[in-house]
Amino acid sequence: MKALTHGRFRGLDGQAALFDLATGPAAAPLATLRVAILESDIGRVTLRQQDGYRLDRGWAIAPGRTEPPFEGRLRDDFSGFANPASTVSEAGGIVTLAAAGLSAQVQLDPFGIAWYRDGEDRPLLRDRPTQAYLLSRKTGASLHAMERHDDERHYGLGDKAGPLDRTGRRFAIDAVDPCGYDAELSDPLYKMLPFFIVDGPRGAHGVFYDNLALGSVDLGCTIDNYHGLFRSYRAEDGDLDYYVLAGPTVPEVTRRFSWLTGGQAFAPRWTLGFAMTTMTIADAPDADARITGFIEDCRRYGIRCDSFHFGSGYTSIGDRRYVFNWNREKFPDPSATMARLKAAGMQPVTNIKPCLLDDHPRLAEARASGILVADGETGDPAVAQFWDGLGFHVDFTNPKGRQWWADGIRDALLAYGVTAVWSDNNEYEIWDEDAVCDGDGRPFPQGLARPAQALLMHKLAYETQAAQAPDKRPYTITRAGSAGIARYGQTWSGDNETSWKTLRYNLTQGLNMSLSGLYNIGHDVGGFHGPSPGPELLCRFVEFCALWPRMVMNSWKTSGIVNTPWMHPGVVPQVRSAMNLRHSLIPYLYTQMWRAAAEDVPAVRPLLWDFASDATAGAVEDAFMLGPDLLVAPVLEEGATTREIYLPTHPGGWYDWHDGTPFEGGRTITVAAPLGRLPLFARAGAIVPVEDKEGLTAIAFGAPDHGGFGLLYVDDGEAADWRKTGTTIELRLRPDDTGFVLDVSGGKLAAPIRARGVGVPNLRLAGTAE
């Protein structure tokens, strides 16, 4: 690569500043760099080579939920942004571009950019003083290096393994199928998401690289004596096009990134219940009977299950899998199977995979239609290794491919009563360097946008389901993809390993997913791969997963033993207790998922989100907040019967959810944690809505001088126009002469709500007798 160390200011292009970049003062320009301020807290830097962009479009950027088309959003499309009026000045070899809230000081020689928030004299982000921009004309590779400080922490990058703070690590921007991955060390995993947050004494900021090619992010792993401390992003191809999110807090950065990439889809309420899947059931010769048996077992053991997710075995012919094929020996009447599940209160969800094996019954049809990712040299479909052998991937940048896939979802699945689809094994591991995507008539090398295929597969599933049932919100799931997948539905941490280590690092993996704008997430309960969990580990897995937005028990074991809630009779009561806790908290969790969709606020987040001024809380990596009110501290160690946890500083302290014991904030406590009792704490002043067979209850915790507050979002649980039909109920606690009163205001509830106080004497609902 060549270092672009010298810049020449060309002037303004609209509201942006343009610079020619070269290797030296007398050298010919190799690229043009554009610096723009798009919002008061968003800057953008775009590097364009002399012969144009490597890929002139993308699929991640969707400011304010402006939906990009399947063809992609042009890289030079600035719609959806405020694009504030900018001023430019030049003095002493520095060009300053400024707009309300943000400015960029561009040094021409050596070339580099420093970003400033209004009113601050230190940059929030500054390029490395030595060779900040490098570009290869031969390979298309590029590198951007930034100054780093040793008191900074780093978060984000989607579903990456390891601790919450990613400082000192280097991560591949790549995606594979890492079944049974090590949740501490494995890399890469499933998603390609080059977005990270930097937090430290200078505040927080974020950087997002809108590039879908292979690459890496180095957050201090590399130490080079010639450059000082730095972090860097390297792309093997594609375009250097990055967004600076000015913060200055972690929540502001995450929320702005969610806004930038289209936000989070609001899933139906039933998706917050417990769900079951396993490859083993659908793989079995008597699969239909096993599903009937599962329904009966749920009744027998008193386990509420809200959806059943079919593993891909329903598509099998022999021991191989063929998307959109129903194995009629296993499932003689798919419609009857779906009806039986729905009658039991379980919505059916089916797994679909985008690779057609080389003997797929419809392969000749797909080849003749030209709907597969092609080898640009031969014109034949590009060959890829898949699960059961070699195969060919459907090209979702091809309108005919999308139509073929949508027809398959509609005719082979939804027509039989399937409610939702789950896009799986969509990492697009096509390593043919000549593989080409149709690009809606403008072909491009598939290496420039592999994760776009997964995003478009996810988008198509969403839109196909919406067209089939336009009055209902779709529920869609994807394992792979890029920034932007959240706007269509749910994802998860993939095929995790059954181990105690997984619990600890799935926690931080999930928190970084939340900080990366992926709000509807969870983990395979019990562990997907590896040994079967023993009674203790199974129970702790259930507890750990009980308060994430997604709770799906999913497993594939070589032994053939299926993870089920009743696999260990001795702990069924404890497992049931954790599941019942989840179901009781669905009104609260549903409200948090509404906030995720409406306000870009994650339901699950690290303690540093809500308690930024508490340095000790900011370092906690073994607990999380569920919304603003509940602190969840799962047991992560084998043999433990107690749990030590730091409770952040908070006026009025905290209350144990289970027995109401009060605790001061700002200290570490130890509580009993027998199997089946998930350590859970409510902050003083919280009012948390719960439900049971008797209906809704608002639980008020503590009686601080300022009273208390809670929020409840209510709708029919699946309306497509939820922004219009839903309503919010405000719950407020206030003192009066006899104790405390709970005021309920806002919309109308279908049934009366009850009130219960924990640490709140003489609580009554407004309008009721003492």
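About the cut-offs
Residues numbered from 1 in each chain as written. Predicted model: local features only at pLDDT ≥ 70, side-chain atom pairs only at ≥ 80, totals over all residues. Heavy atoms only, no water. Pairing = 2+ DSSP bridges. Helix = DSSP H or I, 4+ residues; strand = E, 2+ residues; numbered from the N terminus. Axes fitted to C-alpha atoms, helices over the stretch in contact; angles between N-to-C directions. Contact = heavy atoms within 4.5 Å. Parallel < 35°, antiparallel > 145°, perpendicular 65-115°, else oblique. Nonpolar A, V, L, I, M, F, W, Y, C, P; charged D, E, K, R; others polar. Salt bridge = Lys/Arg side-chain N within 4 Å of Asp/Glu carboxyl O. Buried < 20%, exposed > 50% of the residue type's maximum accessible area, 1.4 Å probe, protein only.

### Let's talk about the sheet that holds strand E46 (residues 695-701)
Thought 1: Strand order in the open sheet made by the three strands is E45-E46-E50, with mixed pairing throughout. In the strand order of this sheet, the two ends are held by strand E45 (687-692) and strand E50 (754-758), each with one partner. Neighbouring strand axes in the sheet, compared pairwise and without regard to direction, differ in orientation by 30° on average.
Thought 2: Here E46 pairs with E50 via five bridges, running parallel. Residue pairing for E50: Thr-697 is matched across the bridge by Arg-754.
Thought 3: Sheet strands touched by helix H11 (residues 586-599): E45 and E46. Its angle to E45, the strand with the most contacts, is close to 125°.

### Digging into the packing of helix H10 (residues 572-584) against H11
Thought 1: At a minimum axis separation of 5 Å, H10 and H11 run at an interaxial angle of 55°. Taken together, the axes of H10 and H11 are oblique relative to one another. Listed contacts from H11 to Arg-582, His-583 and Ser-584 of H10 are Ile-586, Pro-587 and Leu-589.
Thought 2: Considering only residue class, the contact of H10 with H11 consists of three nonpolar, two polar and one charged.

### Observations regarding the environment of Val-571
Thought 1: With respect to the secondary-structure elements, Val-571 resides in the loop between strand E36 (550-553) and H10.
Thought 2: Sequence spacing of Val-571 and Leu-189 is 382 residues, and the spatial spacing of their C-alpha atoms is 32 Å.
Thought 3: Residues within four places of Val-571 in sequence aside, it is in contact with Pro-535 and Leu-675.

### Focus on the pattern of salt bridges
Thought 1: In total, this model carries 63 salt bridges according to the counting rule given.
Thought 2: Between Arg-734 and Asp-743 there is a salt bridge, with its nearest N and O atoms 2.5 Å apart.
Thought 3: Note on Arg-734: relative accessible area 36%, which makes it partly exposed.
Thought 4: Overall, Asp-743 belongs to the partly exposed group, its relative accessible area being 21%.
Thought 5: Residues joined in a network through salt bridges with shared partners are Asp-177, Lys-353, Asp-424, Glu-427, Arg-479 and Asp-495.

### Observations concerning the packing of helix H3 (residues 287-301) against helix H4 (residues 334-343)
Thought 1: Between H3 and H4, the least distance of the axes is 10 Å, while the angle of their chain directions is 5°. Viewed along their axes, H3 and H4 adopt a mutual orientation that is roughly parallel. Mapping the contact onto sequence places Asp-288, Ile-291, Thr-292 and Ile-295 in H3 and Thr-337, Arg-340 and Leu-341 in H4.
Thought 2: Tallied by class, residues from the contact of H3 with H4 come to three nonpolar, two polar and two charged.

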